[in-house]
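Per-entry structural report
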Amino acid sequence: MQKNDILRVCIEEINNLGFGVAHAEEKNGGRGKVIFVRDAVTGDVLDARIIKVNKSYLIAKIERMIEPSALRATDGVCTAAGCGGCVYQHIQYEHEAFLKRDYVENAFRKAGLSDVTVGELRHTGELTRYRNKAQYPVANGKGGMMAGFYATGTHRIVPMSDCALQPILFGEVVTYICQFCDRNGIRAYEEKNGRGELRHIYLRTGAETGEVMVCLVVNGTHLKNEDTLARELMEHFPSVKSVMLNVNRENTNVVLGDDYHCIGGRDYIEDVLCGLTFRISAGAFYQVNHNACELLYGIARERAELTGKETVLDLYCGIGTIGLSMSKNAEKVIGIEIVEEAVIRAAENAARNDITNAYFYCGDASNAEKLLERAEAAHGDVSGATVIMDPPRKGSTPELITYLAKRNFARIVYVSCNPDTLARDCVLFKELGYEIGEVTPVDMFPRTGHVESVVCLTRRLDVDMRR
């Protein structure tokens, strides 16, 4: 097989990157190399043009559709071809739901946990305009500054101010900022030479409050005419309550630097989640899909089976959203988080909602032996607590999992945004004496290949690591 060869194929399945999977046919009629075809759907019969040849697989694009699959979506396809964000935009949602549940099931099967039950995918039914956060890279175009999203696997920007997953207002704010930059001679950052001022436009909004934060990521300590821009944004868009500057002078793919300062309005916005009001700073973690987050937290609360007498130990607690949402069902909530600013915000959020039984401490999950030192100094032994953990995509650490098992916590509710690392961590939990309950997938990110999951791990009665 060579580049630009055209093959007639039937698509067998779709992976979580949105590529249809087929096999080349050998001359003897046997099954040949795997072919990954961008934007193809299970059941499509098509001619595929090879665009990349690898020793073990081929990558191709659709040259000509012969017979489209019945699973193809007939409307709602985004016009920003090549962005690569909505990998499932071209299929019917019922099939997307099947694929996401299948992804979680396969992750556990590959980890050697084929006996684990994976329930039906839970979702809100909202497929568009659900994101409350967006990061737009900017570039210098022939007609001036442009913003959009990176094409798949590249740093080439697909120009697009409006995205079907973002609020319409985001596109309007981005367009205004680009036009302001053109009027004021502000250039976009260029990776090749390190010149230019503006790198990214980062936006957040409160789904319930409508408040918007604009954060400008700059290649320097200031942006030309930044005060004027902040004032104009808040005058032109009354919902903009915060304009922040983030300093990132590094030659890096990381979007945000560590230094923030406010150039207009407040240094936070507010939102209401699970009936509680939260202040959200520019650097704080906050789930990007408000309604699906309430669904997710509700499932986690069900799995915790709280009676009002338990201590909840909320690990990777961020600004306290999960723990605080369970506070009325628990005797006490103790949150642990490595980011000190988030710990401060979590305590403020508790006070703001008149929650007096929640306490937050700074701790590093990788330093498991000292993780609970400050909390236990204040509250005594917490070994009887119900643990809630919501780690980042890389999952938890063997050190923390081993420590939790050694402390003999009886019930651990694990919230995950990565089925592969969840399954990996569940293997260790099982080896250390925990039973794995039903895994419930939750669609936090419709039209993308990502899926969240919730599972409860319970200590086997015949195992006690303290002995």
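Heads up: the structure comes first, above all this text.
These numbers were taken from a predicted model, which means no experiment stands behind them. (Residues numbered from 1 in each chain as written. Predicted model: local features only at pLDDT ≥ 70, side-chain atom pairs only at ≥ 80, totals over all residues. Heavy atoms only, no water.)

A short note on the overall build of the protein chain
Which entries qualify depends on this criterion: Numbered from the N terminus, helices here are DSSP runs of H or I no shorter than four residues, and strands are runs of E no shorter than two. Our radius of gyration looks at C-alpha atoms and nothing else; its globule reference is 2.2 Å times the residue count to the power 0.38. Two residues form a contact once any of their heavy atoms are found within 4.5 Å. Areas reported here follow the Shrake-Rupley algorithm with a probe of radius 1.4 Å; residue values treat only the protein chains shown as occluding.
Across its full length, the protein chain holds nine helices and 23 strands. The C-alpha atoms of the protein chain give a radius of gyration of 24 Å, which matches the 23 Å a tight globule of 467 residues would have. With the C-alpha coordinates of the protein chain rotated into their principal frame, the extents come out at 65 × 65 × 35 Å. Across the protein chain, the fraction of contacts at a sequence separation of at least 24, relative to all contacts at a separation of at least 6, is 64%. For the protein chain, the computed accessible surface area is about 21200 Å², with 48% contributed by carbon and sulfur atoms.

What to know about the nonpolar core
This is how the line gets drawn: By nonpolar core we mean a set of buried residues, namely Ala, Val, Leu, Ile, Met, Phe, Trp, Tyr and Cys, connected to one another through side-chain atoms within 4.5 Å. Think of it in three bands: residues with accessible area under 20% of the maximum for their type are buried, residues over 50% are exposed, and the middle band is partly exposed, with areas taken using a 1.4 Å probe on protein chains only.
Core analysis: the largest hydrophobic core is formed by 83 residues, its most contacted members being Tyr136, Ile177, Leu198, Ile201, Val214, Leu216 and Leu233. Val104, Val118, Val382 and Leu404 belong to the second largest nonpolar core, which has 44 residues in total.

Regarding the pattern of salt bridges
This is how it is decided: When a carboxyl oxygen of Asp or Glu lies within 4 Å of a side-chain nitrogen of Lys or Arg, that pair is called a salt bridge.
Evaluation of the coordinates by the stated rule reveals 25 salt bridges. One salt bridge connects Arg345 with Glu348, and the closest N-O pair in it is separated by 3.1 Å. Highlighted residues: Arg345 and Glu348, both in helix H6 (residues 340–352), separated by three residues, approximately one helical turn. The class of Arg345 is buried, set by a relative accessible area of 10%. Judged by relative accessible area, Glu348 falls into the partly exposed class, the value being 29%.

Describing the sheet that holds strand E11 (residues 212–218)
Using the following cut-off: By this definition, two strands are paired if DSSP reports at least two bridges between them. Only the stretch in contact is used when a helix axis is fitted, and all axes are lines through C-alpha atoms; the angle between N-to-C directions ranges over 0 to 180 degrees.
If you trace the seven strands from one edge of the open sheet to the other, you get E9-E8-E7-E10-E11-E12-E13, paired in mixed fashion. Each end of this open sheet is capped by a strand with a single partner; those strands are strand E9 (157–159) and strand E13 (259–265). The average angle at which neighbouring strand axes cross in this sheet is 35 degrees, direction not considered. The pairing of strand E7 (residues 133–141) with strand E10 (residues 198–205) spans five bridges and is classified as antiparallel. Bridged to Ala134 within E10 is Leu203. Strands in contact with helix H2 (residues 168–183) are E7, strand E8 (144–150), E10 and E11; relative to E10, the strand with the most contacts, it is inclined by about 150 degrees.

Side note on the environment of Glu13
As for its placement among the helices and strands, Glu13 is situated in strand E2 (residues 13–14). The spatial distance from the C-alpha of Glu13 to the C-alpha of Ala24 is 14 Å, given a sequence separation of 11 residues. Non-local contacts of Glu13, meaning those with residues more than four positions away in its chain, are made with Phe19, Gly20, Val21 and Thr42.

Quick notes on helix H9 (residues 419–431)
We apply this condition: One fewer than the residue count of a helix, multiplied by 1.5 Å, yields its expected span. Two N or O atoms form a polar contact when they lie within 3.5 Å of each other; inside protein one atom must be a possible hydrogen donor and the other a possible acceptor, and for residues adjacent in sequence the pair counts only when both atoms belong to side chains.
Here H9 spans 18 Å end to end across 13 residues, near enough to the 18 Å set by a 1.5 Å rise per residue. Looking only at H9, the buried set comprises Pro419, Thr421, Leu422, Ala423, Asp425, Cys426, Leu428 and Phe429. Considering only its buried residues, H9 is in contact with helix H1 (93–110), strand E19 (386–389), helix H8 (398–406), strand E20 (411–416), strand E21 (434–436) and strand E23 (452–459). With a side-chain oxygen positioned 3.0 Å from the backbone nitrogen of Asp420, the residue opening H9 is Asn418. Immediately downstream of H9, the backbone of Gly433 shows phi near 100 degrees, a positive value.

Things to note about the sheet that holds strand E4 (residues 31–38)
Pairing in this open sheet of six strands is mixed, and the strands run E1-E5-E6-E4-E3-E2 from one edge to the other. A strand with exactly one partner marks an edge of an open sheet, and here the two such strands are strand E1 (6–10) and E2.

Re the pairing of E4
Where strand E3 (residues 19–25) lies against E4, six bridges are found, and the strand directions are antiparallel. What sits directly across from Ala22, in E4, is Ile35. By the bridge criterion, five bridges tie E4 to strand E6 (residues 57–67) in an arrangement that is parallel. What sits directly across from Ile35, in E6, is Leu58.

Describing the environment of Ala368
Within the element layout of this structure, Ala368 appears in the loop between strand E18 (358–362) and helix H7 (373–379). Judged by relative accessible area, which is 5%, Ala368 ranks as buried. Excluding residues within four positions of it along the chain, Ala368 makes contact with Glu399, Leu400 and Tyr403.

A short note on the side chain of Asn349
Assignment of secondary structure puts Asn349 in helix H6. Reaching out from Asn349, the side chain makes a polar contact with the side chain of Arg352 at a distance of 2.9 Å. For Asn349, the residues in contact, after removing those within four places along its chain, are Thr277, Phe278, Arg279, Ile319 and Leu324.

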